[in-house]
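The primary structure of each chain is shown beneath.
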Amino acid sequence: MRIAGIVPAAGRGERLGRPTPKALVQVGALPLVVHAVAALLRAGADPVVVAAPTDAIEEVRRQVPRALVVPGGAHRWESVRLALDAIPADVDAVLVHDAARPFVPDDVVERVVAALDAGAAAVVPVAPLADTVKRVDRDGVVVETVDRSTLRAVQTPQGFRRDVLAAAHADAETLDVTDDAALVEAMGVAVQTVWGDPRAFKVTTPWDLAVAEAMWETGKA
Ligand code: C5P
């Protein structure tokens, strides 16, 4: 099975409060996108296509010379679609991995690939929720406490049979989604879960960046 990688890296990362695009913010002296691409290359993804911010394409190309870099879009799903268009025809499956998740352990990627190998059409790595979860109304008043045991937080890389992801993206305009699996679910295709890992967390806030830096410095990444 030939597997390609897609790294949506075109977000501005406004919650990080930095002037540079988030994918170029450094952890352990390397930009986030370099760590994310490396994780897919270690798993044998070929090619790895990065969707970069349009004003940073040359800089991203310089940072990830082994990846194919294409301009990203205004939404994450659009960036994924643009990267998907650059994938060769003989690729069977695709791993979509956020640039903002620098430290996904190799065994998480291996579990996703193993599930694809075993015939899954779509696979997402998941983690249990640590906090109690409540649904609130518009005024912030609690409506109910949700049964946490059946909920999962979803990480990346998400794995898809290529034809399934391409079909899901054909409908993307009509859907406001934050991951690719939601598009596949909307088609009625079963999405399998495998266990993720806390280290696959997404760098979103300055606090997350401090955690990532500390992980790197203490050899826990
Ligand atoms: O904003 P958020 O952290 O949820 O973005 C998740 C991933 O999607 C990031 O790696 C980000 O660079 C990417 N993204 C993108 N194109 C956009 C918005 C987000 O590639 N327009």
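Everything here concerns the structure above.
All of these numbers come straight from a predicted model, not from anything done at the bench. (Residues numbered from 1 in each chain as written. Predicted model: local features only at pLDDT ≥ 70, side-chain atom pairs only at ≥ 80, totals over all residues. Heavy atoms only, no water.)

Trainee: Pulling in residues and values, what's your account of the packing of helix 3 (residues 76-84) against helix 5 (residues 162-169)?
Mentor: At a minimum axis separation of 11 Å, helix 3 and helix 5 run at an interaxial angle of 130 degrees. Accordingly, the angle class assigned to the pair helix 3 and helix 5 is oblique. Regarding helix 3 and helix 5, the two cross each other, and that crossing is left-handed. Judged by residue contacts, Trp-77, Val-80, Arg-81 and Leu-84 of helix 3 engage Arg-162, Leu-165, Ala-166 and His-169 from helix 5. For the contact of helix 3 with helix 5, a count of residues per class yields 5 nonpolar, 1 polar and 2 charged. (Axes fitted to C-alpha atoms, helices over the stretch in contact; angles between N-to-C directions. Helix = DSSP H or I, 4+ residues; strand = E, 2+ residues; numbered from the N terminus. Parallel < 35°, antiparallel > 145°, perpendicular 65-115°, else oblique. Left-handed = near helix turned anticlockwise from the far one by under 90°. Contact = heavy atoms within 4.5 Å. Nonpolar A, V, L, I, M, F, W, Y, C, P; charged D, E, K, R; others polar.)

Trainee: Which residues make up the pairing of strand 11 (residues 158-161), and what are the values?
Mentor: Direction of pairing for strand 6 (residues 93-96) relative to strand 11: antiparallel, over a ladder of 4 bridges. Counterpart to Ala-93 in the pairing with strand 11 is Arg-161. (Pairing = 2+ DSSP bridges.)

Trainee: Tell me about the site of the ligand, and please be specific about residues and values.
Mentor: Near the ligand there are 15 residues, and of these Pro-8, Ala-10, Gly-73, Ser-79 and Lys-202 occur at the shortest range. At a separation of 3.0 Å, an oxygen atom of the ligand approaches a polar side-chain atom of Lys-22. By residue class, the composition of the shell around the ligand is 6 nonpolar, 4 polar and 5 charged. (Near = heavy atom within 4 Å. Polar contact = N/O pair within 3.5 Å; in protein donor to acceptor, adjacent residues only side chain to side chain.)

Take it as geometry only, folks, not as evidence of what the structure does.
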